[in-house]
Amino acid sequence: MDEFIASLGSPLIMGILLGGLYAVIALGLSLVFGVMRLLNVAHGDLVIFGSYFAYLVITFLGIDPILSLVLGIPFLFLIGFAIQKFLMARAFKLSMEAPLIIAFGISLVLENVYQIMFSPMSRGISTSYSMESFVLGRIYIPIVYVLNFIAALLVMVSLHAFLKRTYLGQAIIAASQDAVAAQLKGINTARIFAMTFGIAGATAAVAGVFLGLTFPFTPISGISFLIVAFGVVILGGLGSVLGTFMGGMILGLAQTLGAHFFGSAAQMLILDIMVLVILAVRPQGLFGR
Amino acid sequence: MALLAILPIIGLPKDWILYIFLFCVYLALANMWNLLCGYCGLISLCQTAFIGLAGYTLVIFTWNGLPISLGILCSAVVAAVFAVLISLPLFRLRGIYFAIGSLIVPDALRVVFLLWRPVGDKIHGKGAGYMLKGLEDISMTHIYWLAILVGIGSIFIMRLILSSKLGMGLAAIRDNDTAASSSGINIFRLKLCAFVISAIVSALAGAIFFMFDGYIAPTGGFNMKWTMTMILATVIGGISTEEGPMIGTVIIVFLHFVLARYAGISLVIQGTLLIIIMLLVPQGIMGFLRKTRPYQSFLRLLTR
């Protein structure tokens, strides 16, 4: 029995740490969904954009991948801003499925641009510390996982503070609750929506770097991480930062515990079934209002 | 149709046959997606599930020595049953939530077929794929005829549905579901009906494609690329129009044909085309044509 509990320690800790990464991946998706009711199917590809951007920066400039975020965050913010301003803003006026179909188009274009530029080969971001780990009791913990978790906490706390304390953050929340009412109060919702998409892009940059440090990625990895992000958003509920964080934890734990009990091949299936059941029983998410 | 059918006999080049074959398969898929998204408001991203299931049904049949014709019929039955099963959780969701829910289904199936080896451990390649057995005595011409049957058949099915009571009800639901429901339309049953029909036709198209391909693996069978193709063809041609998927599929297959050697670039062009068309002419090429004067005078000429 003691053996059994001891053997659970590793998947528990790894699951929680991995949950941090998943939460950051899902954050942009949750934000865009919460504010604009848009299912951004290109979000996974934006995250992979972050990974490839960091990959390029370190191969050409030779700096630390985490430092490369100084360039990556503003760059992806601009891309997100531009997508909303020039493409989505017009699509929202058309119909409910138009923005979704445009997001599909963006995803298709991005995936194939990666294929052409970087070949379909799998890549990873490697640094001096990416292989190292430290020992806690009898459990080996890779340093990268701890970094993931710290980064996730930082992003969550700063985003939460931004939404709660700044004027812009409050305007985003107002626009998400009722766009027309916000507009009547003098909020420029078009600009707010573009800012929101930009922030989602910035979180994708962070997610991309840490994803690249943790897992190998290919041009078509976007779709599998998109499904992970959906899982987090559905579990945690829409548009809530805390919910997203909890959703990430649950998903991370479900994956590592699922792998522990049923083998690594079944872990994604457990995830998918969990998400489907929650969608059917409680579509607003476990922590949603 | 008769003209298309005799093409292989009079000796058309092989790749032309291939492109007409692909056209027919994609046309059936695009028509069914148009039925769901354009006429019922169901943004279904799980059509790949039916295609993959059809492929695996064929594998199970051919490996057990059963006739392939029975396999094709059974793949339609399997898809229909599966559609009814997943409609239980999915139809509780609306709009965008339905899209998310349906996106997860093919991914779940992909994992199921990675784990479950339906016909033993003799797999081919890294992706846990199976070859179809007993295809030697079926010529490409036969498969081609089947594809024409399904492709052209899907056009007639669309016409039949849209002119029937089912189509009227679906249009009413799409335009205003509360009003439709209060006029005595059973929303759930009608949507389920359309969903099952789309599952059956998509499965038939999938089965025929895999007869041609001869190989199925979980990642290929349940690939998002299928969904992409349906959306591309429908939206480029014109969503919610009967002719739209036909025009869209012609364009998609034409791009395949022209840019066959540069698959990546072809997809980038298709994606860009999708975005541009959605923004500039959201009703697609067909919707655009309908508004122009020559088309309307052409219609007037026909109805005179």
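Residues numbered from 1 in each chain as written. Chains lettered and ligands numbered in written order. Predicted model: local features only at pLDDT ≥ 70, side-chain atom pairs only at ≥ 80, totals over all residues.

## Description of the overall build of chain B
And then number 1: In terms of helices and strands, chain B carries 15 helices and two strands.
And then number 2: By the compact-globule yardstick of 19 Å for 304 residues, chain B fits well, its C-alpha radius of gyration being 20 Å.
And then number 3: Expressed as lengths along the three principal axes of its C-alpha atoms, the size of chain B is roughly 60 × 50 × 35 Å.
And then number 4: With 304 residues in all, chain B has 46% of them scored as buried. (Helix = DSSP H or I, 4+ residues; strand = E, 2+ residues; numbered from the N terminus. Rg over C-alpha atoms; globule rule 2.2 N^0.38 Å. Buried ≥ 20, exposed ≤ 12 C-beta atoms within 10 Å, placed from the backbone.)

## Overview of the overall build of chain A
And then number 1: Broken down by element type, chain A carries eleven helices and two strands.
And then number 2: Ordered by position from N to C terminus, the α and β elements of chain A give α-α-α-α-β-β-α-α-α-α-α-α-α.
And then number 3: Seen through its principal axes, chain A has C-alpha atoms that stretch 60 × 45 × 35 Å.
And then number 4: With 289 residues in all, chain A has 52% of them scored as buried.
And then number 5: In chain A, the proportion of contacts linking residues at least 24 apart, taken out of those at least 6 apart, comes to 77%. (Contact = placed C-beta atoms within 7 Å.)

## Details of the confidence of the model for chain A
And then number 1: Of the residues in chain A, 98% reach a pLDDT of 70 or more, and the chain-wide mean stands at 86.
And then number 2: Element-level pLDDT for chain A is lowest in strand S1 (residues 133-136) of chain A, with a mean of 78, against a maximum mean of 93 in helix H8 (residues 189-214) of chain A. (pLDDT = per-residue confidence, 0-100.)

## Let's talk about the nonpolar core
And then number 1: If you look at the biggest cluster of nonpolar residues, it comprises 198 residues, and the most contacted ones within it are Val 24 and Ile 25 of chain A together with Val 25 and Ala 203 of chain B.
And then number 2: Taken domain by domain, the makeup of this core includes at least three residues from each of domain 1 (2-222) and domain 2 (223-304) of chain B.
And then number 3: Ignoring anything within four residues of it in the chain, the contact list for Ile 25 of chain A reads Val 47, Ala 207, Leu 211, Phe 225, Val 228 and Ala 229 of chain A. (Core = buried A, V, L, I, M, F, W, Y, C linked by C-beta atoms within 7 Å. Domains from an automatic or database assignment.)

## Structural notes on the interface of chain B and chain A
And then number 1: Across the contact, 35 residues belong to chain B and 37 residues belong to chain A.
And then number 2: Put simply, the parts of the chain that give the side of chain B that touches chain A at least two residues each are helix H5 (95-115), helix H11 (224-237) and helix H13 (263-280) of chain B.
And then number 3: Top element by residues in the side of chain B that touches chain A is H5 of chain B. It accounts for 14 residues.
And then number 4: Residues belonging to the side of chain B that touches chain A are distributed by class as follows: 27 nonpolar, six polar and two charged. (Nonpolar A, V, L, I, M, F, W, Y, C, P; charged D, E, K, R; others polar.)

## A short note on H5 of chain B
And then number 1: Helix length check: H5 of chain B, at 21 residues, gives a terminal C-alpha distance of 32 Å against a target of 30 Å (1.5 Å per residue), a fit within 8%.
And then number 2: Among the 21 residues in H5 of chain B, 15 count as buried, and that is most of the element. (Expected span 1.5 Å × (residues − 1).)

## A word on the pairing of S1 of chain A
Residues and elements named next belong to chain A.
And then number 1: Note: S1 against strand S2 (residues 139-142), four bridges, orientation antiparallel. Residue Phe 134 lies in a different strand from S2, and its bridge partner there is Ile 141.
And then number 2: The antiparallel pairing of S1 with S2 creates a hairpin that spans two residues between the two strands, and Gly 137 there sits at a positive phi of about 65 degrees. (Pairing = 2+ DSSP bridges.)

## Focus: the confidence of the model for chain B
Residues and elements named next belong to chain B.
And then number 1: For chain B, mean pLDDT is 84; residues scoring 70 or higher make up 92% of the total.
And then number 2: By mean pLDDT, helix H1 (residues 2-6) is the weakest element of chain B at 64, and helix H9 (residues 187-213) is the strongest at 92.
And then number 3: This complex was scored by the predictor with a pTM of 0.85 and an ipTM of 0.83.

## Comments concerning H13 of chain B
And then number 1: Across its 18 residues, H13 of chain B extends 26 Å between first and last C-alpha, which sits within 8% of the 26 Å expected from 1.5 Å per residue.
And then number 2: Taken as a whole, H13 of chain B has its buried residues at Leu 267, Val 268, Gln 270, Gly 271, Leu 273, Leu 274, Ile 275, Ile 277 and Met 278 of chain B.
And then number 3: Taken together, the buried residues of H13 of chain B touch helix H3 (69-94) and helix H4 (98-118) of chain A together with H11, helix H12 (244-258) and helix H14 (284-291) of chain B.

## Some words on unusual backbone geometry
And then number 1: The residue Arg 37 of chain A is not glycine, and still its phi comes out positive at about 55 degrees.
And then number 2: Structurally, Arg 37 of chain A is set in the loop between helix H1 (2-36) and helix H2 (43-61).
And then number 3: Its 16 C-beta neighbours within 10 Å are what place Arg 37 of chain A among the partly exposed residues.
And then number 4: A positive phi angle, close to 65 degrees, is found at Ser 240 of chain B, a residue other than glycine.
And then number 5: Assignment of secondary structure puts Ser 240 of chain B in the loop between H11 and H12.
And then number 6: Judged by the 18 C-beta atoms lying within 10 Å of it, Ser 240 of chain B is partly exposed.

## Structural notes on the environment of Ala 207 of chain A
And then number 1: Looking at the element boundaries, Ala 207 of chain A is found in helix H8.
And then number 2: Linking Ala 207 of chain A and Arg 165 of chain A, residues 42 residues apart in sequence, is a C-alpha distance of 24 Å.

## A word on the domain arrangement of chain B
Residues and elements named next belong to chain B.
And then number 1: According to the domain assignment, chain B contains domain 1 (2-222) and domain 2 (223-304).
And then number 2: Centre-to-centre separation of domain 1 and domain 2, based on C-alpha positions: 21 Å.
And then number 3: Each side of the interface is counted separately: domain 1 has 23 residues, and domain 2 has 22 residues.
And then number 4: Examining the composition of the side of domain 1 that touches domain 2, we find that 13 residues originate from one element, helix H2 (residues 14-40), more than from any other.
And then number 5: The residue inventory of the side of domain 1 that touches domain 2, partitioned by class, reads 15 nonpolar, seven polar and one charged.

## Description of the packing of H12 of chain B against H14 of chain B
All names here are of chain B.
And then number 1: Interaxial distance between H12 and H14 falls to 7 Å at its minimum, and their mutual angle equals 120 degrees. In terms of axis orientation, H12 runs oblique to H14. The hand of the H12/H14 crossing is right-handed. Taking contact as the criterion, the partners of Gly 244, Ile 247 and Gly 248 in H12 are, on H14, Gly 284, Ile 285 and Met 286.
And then number 2: Within the contact of H12 with H14, the residues separate by chemical class into three nonpolar, three polar and no charged. (Axes fitted to C-alpha atoms, helices over the stretch in contact; angles between N-to-C directions. Parallel < 35°, antiparallel > 145°, perpendicular 65-115°, else oblique. Left-handed = near helix turned anticlockwise from the far one by under 90°.)

## Quick word on the environment of Ile 200 of chain B
And then number 1: Among the secondary structure elements, Ile 200 of chain B is positioned in helix H9.
And then number 2: A sequence separation of 146 residues divides Ile 200 of chain B from Ala 54 of chain B, and the C-alpha atoms of the two residues are 9.3 Å apart.

## Describing the packing of H3 of chain A against H8 of chain A
Residues and elements named next belong to chain A.
And then number 1: The N-to-C vectors of H3 and H8 enclose an angle of 140 degrees; their axes lie 7 Å apart at closest approach. With respect to their mutual orientation, H3 and H8 come out oblique. Judged by the twist between their axes, the crossing of H3 over H8 is right-handed.
And then number 2: Residues belonging to the contact of H3 with H8 are distributed by class as follows: 19 nonpolar, five polar and one charged.

## As for the environment of Ile 13 of chain A
Residues and elements named next belong to chain A.
And then number 1: Here Ile 13 shows up in helix H1.
And then number 2: Residues Ile 13 and Ala 265, 252 residues apart in the sequence, show an inter-C-alpha distance of 20 Å.
And then number 3: Setting aside chain neighbours within four positions, we find Ile 13 in contact with Ile 139 and Ile 141.

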